[in-house]
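Geometric and topological summary
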Amino acid sequence: MLEIDLDGKKVSVPEGSMVMHAADKAGTYIPHFCYHKKLSIAANCRMCLVDVEKAPKPMPACATPVTNGMIVRTKSDKALKAQQSVMEFLLINHPLDCPICDQGGECQLQDLAVGYGGSSSRYEEEKRVVFHKEVGPLLSLEEMSRCIHCTRCVRFGQEVAGAMELGMVNRGEHSEITTIAGDTVDSELSGNMIDLCPVGAITSKPFRYQARTWELSRRKSVSPHDGTGANLIVQVKSGKVLRVVPLENEDVNECWIADRDRFSYEAVNSDARLTSPMVKQGGEWKATDWTTALEYVARSLTQIKADHGAASIGALGSAHNTVEELHLLAKLVRGLGSENIDYRTRHAEFAKAEGVRWLGTSIASLSTLQRVLVVGSFLRKDHPLFAARLRQAQKKGGKIHSIHAVQDDWAIPLASSVSVAPSGWVNALASVAAAVASAKGVAAPVQAEATADAKSIADSLLSGERKAVLLGNAAAQHPQASSLLALANFIGEQTGATVGYLTEAANTVGAQLVNALPGANGLNAADMLGGKLKAAILLNVEPAFDAANPAGAIAALNKADMVVALTPFKDAALDCADVLLPIAPFTETAGTFVNAEGRVQGFHGVVKPHADTRPAWKVLRVLGNMLGLQGFDFETSDEVKAEALKGDITARLSNKTGAAVTSAAAAQGLERVADVAIYGTDSLVRRATSLQLTADAKPPVVGLPQAVWTQLGLADGASVRVTQGDASAVLPARLDTTLAPTAVRVTAGRHETAALGAMFGPIAVAKA
């Protein structure tokens, strides 16, 4: 530790710290623009000039290393005059358009100009003008004349998002931030540039001209999308959500959020909202009131139970729903005498788990891992903020390995990657386990040959201290998911690595904690969506997008006598539902999510429910009362939570499994590997207009390996017919040289592929 004198105060900081870090620790504010605690030091705005004793001129606090005994003055005449001079230069070319600037009221330049700017300008020449840039549907770079070249956006892209999409060209007053080639900014984290920009150069395109910052009320919330559980501040005007920004939480999302966390609020204001209960009569939808709709549902369920037995009734929930909602859904079904409840609508295997599957370590620890093996994950698009943390781990020297059917660009340099079709994942992981077993002198869990790639991964995992084996969404949804977990556990035990799931949705852990899972004689999601139900209750589930086999799911539900869909949207489950009940999205209800690391995070509604919408937990409570079930007398969501999350939650978190490894022979012929599109994961992002205009939301393209591409004689722009069983679709194709030789990539969760079959399994491809 080094001690310095800062404005007469003694401050101790670690060796290698800058004066700015000492000031932060002492609670002394030094004006700055380019400095940001999460980004590298650029020292190009010069606003943080301070007076360092014995230095010949003022020094930038952000880039001046601390030395023992250093004396620094941040408020001396020398420092203040330097800061005022810098401010004068910054304002020379800055347009005087604060009244029409979207950043007005929350602008660092505006704030500091009050304290350090002059009352008039000495500059008489014409101000420079920079032509606006079109970079996509999320970021507005319409007023680049306002840019002060702090380069925060450039450094964010390079260092956090992993892709340098913006850069600075030219010099002096001709400098400008641009994409150079006129490309769009397509990072899944791009919205953070809006928060980072200290002026009005980069602003939110969906929020542009919607409101002034001082007109907005602010409420804390939690993201309902992926397993990070990003903390949010939702900003509201006149009962309408207008903006979402990050709430800093170093242990969860740091100060970042993904674009789907930021912009999915558009869906809650969309015309697709369901405004009242709807009942299908004679093939036509009729609006009705809550009492009539719920009485009709209760009557129908009672009748079906009497005619076909309780086992003919089942419920499918979504892990994007809250603990309270899933608990009451499970309680309702069990109250009727059925054990048919499941949230794993995209899974292909349903082995009973001994504990609650989770990340296996803390989210914050991902940033410091030294060795990582990621199995079956479209990491960057499935978990943008986890990918950002692993990117930081790699920058610190960590080695990251991947086993998958395709090697997407994670914007992380990988130490090694193995491409093998999904049916070969167990053998690929067994090969790593065999290499680890050989090195440790123990018996391998299953006989397998240790390949060169497997030995490389094993050697890496056997070195280092902090390490993890992480199973992605595709590994959780895999037909041999339990074998993958058993092998991962063996590797973890032998190498000292933690083992965990990256978890698919905001409340995947919570859904397990409240036992939204089938009982001993209950049907799992695949059985229920395979045609074994007479009555189905869908909680925020859209079979066309959320089922592992959408075509089969829709066909099966169409044969049921009654399908009740609880959904915020009028266009959800229309193809198979008989009753639509409007429920509140996360902005309009109170609830709890349990994120990937087992962190329980509660939130409250930020606006009143839209039209005749009701919180889902209240709908399920009333339905339980109408059915005459016991234990549905809750007054608040807190009472539901108290019943749902009893006891010590952490004691229940476990990725252990007693399952034996069953190594299947590699499939013959081509097989499908399906990612779920980043903006097709849940009902909110599917209806967020701006997100659906991004590059990530473009119509799906069939990815084909080199051998298949050559065999079919395809050229750029060609289309192919993909067929699964009786289902087929014609889609554009592209060559993907990172695909395993027998894997075909077809995205799920999209209209264009909703008519196809299972996410894993045989697939045929022919030239269209």
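Computed from a predicted model, the values in this text were never measured in an experiment.

1. What about the overall build of the protein?
Helix and strand counts for the protein come out as 22 helices and 33 strands. Counting over 768 residues, the protein shows a buried share of 61%. Restricting to contacts in the protein with at least 6 residues of sequence separation, those with at least 24 account for 72%. In the form shown here, the protein has an accessible surface area of approximately 29500 Å², with 51% of it arising from carbon and sulfur atoms. Where the 76 positive side-chain charges of the protein centre and where its 80 negative ones centre are 2 Å apart.

2. Brief notes about the packing of aromatic side chains
If you walk through the whole model with that rule in mind, you get three aromatic pairs. Geometry around Phe207 places Arg243 over its ring, the cationic atom sitting 4.4 Å from the centre. We note Lys331 situated over the ring of Phe632; from NZ or CZ to the ring centre the distance is 5.5 Å.

3. Describing the environment of Thr508
If you trace the backbone, Thr508 turns up in helix H15 (residues 508-513). Taking the C-alpha atoms as reference points, Thr508 and Gly314, separated by 194 residues in sequence, lie 19 Å from one another.

4. Brief notes about unusual backbone geometry
If you check the backbone angles, His149 has positive phi at about 60 degrees while not being a glycine. By the element assignment, His149 lies in the loop between strand S6 (139-140) and helix H4 (152-161). For His149, a relative accessible area of 17% gives the class buried.

5. Notes on the environment of Leu581
Structurally, the position occupied by Leu581 is in strand S24 (residues 579-582). C-alpha of Leu581 to C-alpha of Ser276: the two residues are 305 residues apart in sequence and 7.2 Å apart in space. The residues touching Leu581, leaving out its near neighbours within four places in the chain, are Leu274, Pro277, Trp290, Ala293, Leu294, Val564, Ala565, Leu566, Thr567 and Val619.

6. Some words on the nonpolar core
Of all hydrophobic cores here, the largest spans 76 residues; its most connected members are Phe33, Met47, Phe156, Leu166, Ile202 and Val241. Within the residue set of this core, elements represented by two or more residues are helix H2 (77-92), helix H3 (108-116), H4, helix H5 (192-196), strand S11 (231-237), strand S12 (240-246), helix H10 (384-395) and helix H21 (683-686). Counting 54 residues, the second-largest nonpolar core is a separate cluster that includes Leu332, Trp617, Leu627 and Ile649.

7. Section: empty space enclosed by the protein
Counted according to the given criterion, the structure contains seven cavities of 30 Å³ or more. His320, Arg346, Glu504, Ala505 and Thr681 are the residues nearest the centre of the largest cavity, which is lined by 24 residues in total. In the lining of the largest cavity, the residues fall into five nonpolar, 11 polar and eight charged. Inspection of the lining of the largest cavity shows a minimum of three residues originating in each of domain 2 (278-350 + 508-647) and domain 3 (363-501). If you add up the space inside the second largest cavity, you get close to 210 Å³.

8. Regarding the UniProt feature "domain: 4Fe-4S Mo/W bis-MGD-type" (unreviewed entry) in the protein
Using the residue numbers shown here, the UniProt feature "domain: 4Fe-4S Mo/W bis-MGD-type" (unreviewed entry) corresponds to residues 216-272. The span residues 216-272 is 9% helical and 35% strand by assignment, and the distance between its end C-alpha atoms comes to 25 Å.

9. Side note on the side chain of Arg380
Relative to the helices and strands, Arg380 resides in helix H9 (residues 379-382). From its side chain, Arg380 meets the backbone oxygen of Asp409 in a polar contact 3.2 Å long. Setting aside chain neighbours within four positions, we find Arg380 in contact with Ala163, Ser187, Glu188, Ala387, Arg391, Asp409, Trp410 and Ala411.

10. Notes on the state of the cysteines
Simply put, the disulfide is a covalent bond whose two ends are the sulfur atoms of two cysteines. Enumeration over the complete set of coordinates arrives at zero disulfides. Counting only cysteine sulfurs, Cys45 is the nearest neighbor of Cys34, a cysteine outside any disulfide, at a range of 3.7 Å.

11. Considerations on the UniProt feature "domain: 4Fe-4S His(Cys)3-ligated-type" (unreviewed entry) in the protein
With numbering matched to this structure, UniProt assigns "domain: 4Fe-4S His(Cys)3-ligated-type" (unreviewed entry) to residues 78-117. Along residues 78-117 one finds 60% helix and 0% strand; the C-alpha atoms at either end are 16 Å apart.

12. Some details on the sheet that holds strand S1 (residues 2-6)
One open sheet holds the five strands; their spatial order is S2-S1-S5-S3-S4, and the pairing between them is mixed. Both edges of this open sheet fall to strand S2 (9-13) and strand S4 (59-60), since each of them pairs with a single strand only. Relative to S4, strand S3 (residues 49-52) is paired through two bridges, and the arrangement is antiparallel. The residue bridging Val50 from the neighbouring strand is Met59, located in S4. Packing of helix H1 (residues 19-26) onto the sheet brings it into contact with S1, S2, S3 and strand S5 (71-73), and relative to S2 it is tilted by some 115 degrees. Contacts from H2 reach S3 and S5, with the element oriented near 160 degrees to S3.

13. Quick notes on the domain arrangement of the protein
Domain assignment breaks the protein into domain 1 (2-92), domain 2 (278-350 + 508-647), domain 3 (363-501) and domain 4 (671-767). Centre-to-centre, using C-alpha coordinates, domain 1 lies 53 Å away from domain 4.

14. Some thoughts on the layout of surface pockets
Estimated volume of the largest pocket: approximately 850 Å³. Around the largest pocket, the lining is made up of 32 residues, and of these Gln108, Arg152, Ile194, Asp195 and Leu196 lie nearest the centre. Secondary-structure elements contributing two or more residues to the lining of the largest pocket are H5, strand S9 (203-204), S11, S12 and helix H6 (259-263).

15. Thoughts on helix H11 (residues 425-440)
With 16 residues, H11 should reach 22 Å at 1.5 Å per residue; the first-to-last C-alpha distance of 23 Å fits that figure. Within H11, 12 of the 16 residues are buried, which leaves it mostly tucked inside the rest of the structure. Looking at the buried side of H11, the elements it contacts are strand S17 (371-375), strand S18 (399-404), helix H12 (452-462), helix H13 (473-476) and helix H14 (481-495). Looking at the residues trailing H11, positive phi occurs at Gly441, about 75 degrees.

16. Observations concerning the pattern of salt bridges
Under the counting rule described, the total for this entry stands at 38 salt bridges. Between Asp195 and Arg262 there is a salt bridge whose closest N-O contact spans 2.6 Å. In this pair, Asp195 is assigned in helix H5 and Arg262 in helix H6, connecting sequence segments 67 residues apart. Look at Asp195 and you get partly exposed, because its relative accessible area is 35%. We classify Arg262 as buried; its relative accessible area is 3%. A salt bridge links Asp571 to Arg687, with the shortest nitrogen-to-oxygen separation between them at 2.9 Å. Here Arg687 lies in the loop between H21 and strand S28 (702-704) and Asp571 lies in the loop between strand S23 (562-567) and S24, a separation of 116 residues in the sequence.

17. So, the side chain of Thr203
By the element assignment, Thr203 lies in strand S9. In this structure, Thr203 is in contact with Asp102, Gln103, Leu138, Leu139, Ser140, Ile194 and Arg208, ignoring residues within four places of it in sequence.

18. Observations concerning helix H18 (residues 550-558)
Listed as buried for H18 are Pro550, Ala553, Ile554, Ala556 and Leu557. All buried residues of H18 project into a common sector of 165 degrees when viewed along the axis, lining one side.

Cut-off values and rules
Residues numbered from 1 in each chain as written. Predicted model: local features only at pLDDT ≥ 70, side-chain atom pairs only at ≥ 80, totals over all residues. Heavy atoms only, no water. Helix = DSSP H or I, 4+ residues; strand = E, 2+ residues; numbered from the N terminus. Buried < 20%, exposed > 50% of the residue type's maximum accessible area, 1.4 Å probe, protein only. Contact = heavy atoms within 4.5 Å. Areas by Shrake-Rupley, 256 points an atom, 1.4 Å probe, with all protein chains shown as cover. Lys, Arg positive; Asp, Glu negative; His and termini not counted. Charge placed at Lys NZ, Arg CZ, Asp CG, Glu CD. Phe/Tyr/Trp six-rings, centres within 6.5 Å; stacked < 30°, edge-to-face > 60°. Lys NZ or Arg CZ within 6 Å of the ring centre and 35° of its normal. Core = buried A, V, L, I, M, F, W, Y, C linked by side-chain atoms within 4.5 Å. 1 Å grid on protein atoms, 1.4 Å probe; cavity = no way out; pocket = protein on both sides within 12 Å on 5 of 7 lines; lining within 4 Å. Points joined across faces, edges and corners; volume = space filled by probe spheres on them. Nonpolar A, V, L, I, M, F, W, Y, C, P; charged D, E, K, R; others polar. Domains from an automatic or database assignment. UniProt positions renumbered as here; feature names shortened; annotations may be inferred. Polar contact = N/O pair within 3.5 Å; in protein donor to acceptor, adjacent residues only side chain to side chain. Disulfide = S-S within 2.5 Å. Pairing = 2+ DSSP bridges. Axes fitted to C-alpha atoms, helices over the stretch in contact; angles between N-to-C directions. Expected span 1.5 Å × (residues − 1). Salt bridge = Lys/Arg side-chain N within 4 Å of Asp/Glu carboxyl O. Arc of directions from axis to C-beta.

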